[in-house]
Amino acid sequence: MDILAILFNWALAFISLFLPQHYIHNVVILFKTLPRDLKILYLTFNVVLRNYFYKKTNANGISRFQKIARRHPNKPCFLFQDQVWTFKEVDEFSNKIAHVFHQSGFKKGDVVALVMTNQPEYACVWLGLAKLGVVTALINSNLTSEPLCHCIKVALCKAVIFSDDLSTVVLAVKSQLPTDMKYFQLGESDPSEGITNLKLSMQNAPTESVPLVEGVQYNDHFVYIYTSGTTGFPKAAIIPHSRFILIQFLCEEVLGLTSDDIVYDPLPLYHSAGGLLGVSAAFLTGATVVLRTKFSATHYISDCAHYKCTVAQYIGEMCRYVLAVPEQPTDKQHRLRLIAGIGLRPAIWREFVKRFNIPKVMEMYGSTEGNLQFVNYDNKIGAVGSIPRFFPFKRYIGAIIRVNPETMEPIRDKDGLCIECEIDEPGMFVGIIPNKDSVKDFHGYLDKTESSKKYIYDVFTKGDKAFVSGDLIMMDELGYLYFKDRTGDTFRWKGENVSTSEVEAIISSKIGLKDCIVFGVEVGDLEGRAGMAAIVEPSGTLDFEGLASSLKTSLPSYAHPLFIRLISEVEMTGTYKLKKTALVKDGFNPFVIKDPLYFRKGSTYVPLTKEIYEQIISEKIRV
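Residues numbered from 1 in each chain as written. Predicted model: local features only at pLDDT ≥ 70, side-chain atom pairs only at ≥ 80, totals over all residues. Heavy atoms only, no water.

(A) Region of interest: unusual backbone geometry. One non-glycine residue, S145, lies in the positive phi region at around 40°. Position of S145 relative to the elements: it lies in helix α6 (residues 145-154). A relative accessible area of 40% means that S145 is categorised as partly exposed. (Helix = DSSP H or I, 4+ residues; strand = E, 2+ residues; numbered from the N terminus. Buried < 20%, exposed > 50% of the residue type's maximum accessible area, 1.4 Å probe, protein only.)

What follows is the structure, encoded as structure tokens:
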């Protein structure tokens, strides 16, 4: 390596005699990132080639699973509590599901809602329905009343399958659903009148495959997964077989999974990370997957050790919760070689890896519905992926464009085309949608109006189009990508843009990794929105002076939260993102809010009384 370094430096010195300095700098970057970028080139070419092969052979997720099941019939597919489900048992259970629904009159293209808590039967149900060509709508098991009705209706479901523990929730909305809706209850309890006992119906069903699997096509709808946004009703994203089967490529080529791996999946099975990527490790690669009823920060590492897991998944705030658990002698007594997921904050990355001795982190970027999928291959702390800066095809992978900070609309040049951001300049991440390319297709939502909102046109050439991620991303000079914020999570104060995720990360690290939500609130007729933080602190013992002092050294003054609200708990999405809709609506009004409120005054925070509030609104107190 020393000889190579000497030769490289000599070559640069020679080249510098003939080229300007900025060219030399780019050559250094090119050589420095070449191994990584060649891997990206290989993976991109490979996925396009594999997609072409799958399309030509009309492959689908069912045929791939059946090959795995025939190859490893007695190998554990799922581990759940003290249960072991082999691939043969999963195959036979799903075949029974297919036969029951076939006999009940369901046919290819019909949609069935699945409302069930995490358990092996969950994946077996949608696998069985897929064998019949029936599409499963994976409903968030935390939903009730109107949101639950919305999710069932928007997918035009003809039936609902639910577990015993959610029967009360489903039956409570039965009167609001179509009268011809069919209901199937899976569990040990005896269903009420009019509800089919699914377990009983399966007893005499055949265990062989239904004769309809050949009718499942590469581009057929596979499942519907609902976005877990922090505002509004969930939207049903279309996941076709073409997208599902490409997860095999991600598992094998990117994450390096084999049938010898044991994957820890404590994520919700109604979401793409846990329900598709996690389960696909078994269904598409033959690995064993450990399922958990619900994520537990206390048991995360001990579970991995107990089940001898080699790979573990995470999402959202999970890693922060695990890190907040008091240190244990067993923290490093596991076999993990890799953790993979979305949302490991840069502020805790090093500490998490060091404490739990994690050899490799694969932070990913993507969304359920989007055509932008990235993986941080080489452990670059804080990065969500990378784009080769000097490769001609880089726009095929993704691009960052300038947007108006107020409207988030693209800023265009004199020809009406979008403008790419410079190095270290945050902008909107977009994914070009090439014609007739299912790898980069945006399949959209069932609601076509919502789908149309995710397109922009005339991006880099007249007539082209792209998927709009809604995320602000920044790229450094080496091509690494860093998530900055959701567009709706940025507010403007004192003429400056404030990233809520950045402020949240800093505050959380200063207060012992407790939950913290930052958002902008209107202050009378003042322009912009002032920062406010809602902090989970039931005891009310927050060190305000210490927090104010820490913020002073970590953030510019305009980014300091002007108001603080202490709350006992915070609502979360199913993917461990903190919800803020109700908090934003409440603002900082002490006439409405019963929780303790505080106002930044000088070097500390003081209680926000009704008198102070009125003085702020009337501008007697200037902020």
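Still more to cover.
(B) Summary view of the state of the cysteines. What the rule picks out here adds up to zero disulfides. The cysteine C149 is free of any disulfide, with C151 supplying the nearest cysteine sulfur at 9.6 Å. Relative accessible area serves as the criterion here: at 4%, C149 is assigned to the buried category. Left without a disulfide partner, C309 is nearest to the cysteine sulfur of C304, which lies 4.7 Å away. (Disulfide = S-S within 2.5 Å.)

(C) Expanded view of the packing of aromatic side chains. A complete count under the given rule lists 28 aromatic pairs for this structure. Plain terms: the ring middles of F442 and Y445 are 6.3 Å apart, the flat faces sit at 85° to each other, and that makes the pair edge-to-face. Joined through ring pairs, the aromatic side chains of F65, F78, F87, W126, F222, F244 and F283 make up one cluster. It is K235 that lies over the ring of Y445; its NZ or CZ is 5.4 Å from the centre. (Phe/Tyr/Trp six-rings, centres within 6.5 Å; stacked < 30°, edge-to-face > 60°. Lys NZ or Arg CZ within 6 Å of the ring centre and 35° of its normal.)

(D) Structural view of the pairing of strand β12 (residues 311-315). Most of β12 is tucked away, with five of its five residues classed as buried. Pairing between strand β10 (residues 262-265) and β12: two bridges, direction parallel. Looking at the pairing, Y264 lines up with A312 of β12. Looking at chain direction, β12 and strand β13 (residues 338-342) are connected through five bridges and run parallel. Pairing of Q313 across the sheet is with A340, part of β13. (Pairing = 2+ DSSP bridges.)

(E) The arrangement of the pattern of salt bridges in detail. Within the structure shown, the criterion is met by 22 salt bridges. With a closest N to O distance of 3.5 Å, E252 and R64 form a salt bridge. Within this pair, whereas E252 is found in helix α10 (residues 247-254), its partner R64 is found in helix α3 (residues 61-71), the two being separated by 188 residues in sequence. A relative accessible area of 24% places E252 in the partly exposed class. In this structure, D110 engages K158 in a salt bridge whose closest nitrogen and oxygen atoms are separated by 3.0 Å. In this pair, D110 is assigned in the loop between α4 (87-103) and β3 (111-115) and K158 in the loop between α6 and β5 (159-163), connecting sequence segments 48 residues apart. Given the relative accessible area of 7%, D110 is considered buried. Connected through salt bridges with shared partners, the residues R50, R64, E252 and E253 form a single ionic network. (Salt bridge = Lys/Arg side-chain N within 4 Å of Asp/Glu carboxyl O.)

(F) Quick peek at empty space enclosed by the protein. Inspection of every chain in the model, using the stated rule, returns two cavities of 30 Å³ or more. Approximately 70 Å³ is the volume found for the largest cavity. What lines the largest cavity is C251, L255, L257, V263, L277, G278, A281, V311, Q313, A340 and M364. Contributing elements (two or more residues each) for the lining of the largest cavity: α11 (272-283) and β12. (1 Å grid on protein atoms, 1.4 Å probe; cavity = no way out; pocket = protein on both sides within 12 Å on 5 of 7 lines; lining within 4 Å. Points joined across faces, edges and corners; volume = space filled by probe spheres on them.)

(G) Geometry of the packing of α10 against α11. Where α10 meets α11, the closest approach of the two axes is 9 Å, and the angle between their N-to-C directions is 65°. In this view, α10 runs roughly perpendicular relative to α11, as classed from their interaxial angle. The element α10 and its partner α11 pack so that their crossing is right-handed. For the pair α10 and α11, the contacting residues are I247, L250 and C251 in the first and L276, L277, S280 and A281 in the second. The class makeup of the residues in the contact of α10 with α11 is six nonpolar, one polar and no charged. (Axes fitted to C-alpha atoms, helices over the stretch in contact; angles between N-to-C directions. Parallel < 35°, antiparallel > 145°, perpendicular 65-115°, else oblique. Left-handed = near helix turned anticlockwise from the far one by under 90°. Contact = heavy atoms within 4.5 Å. Nonpolar A, V, L, I, M, F, W, Y, C, P; charged D, E, K, R; others polar.)

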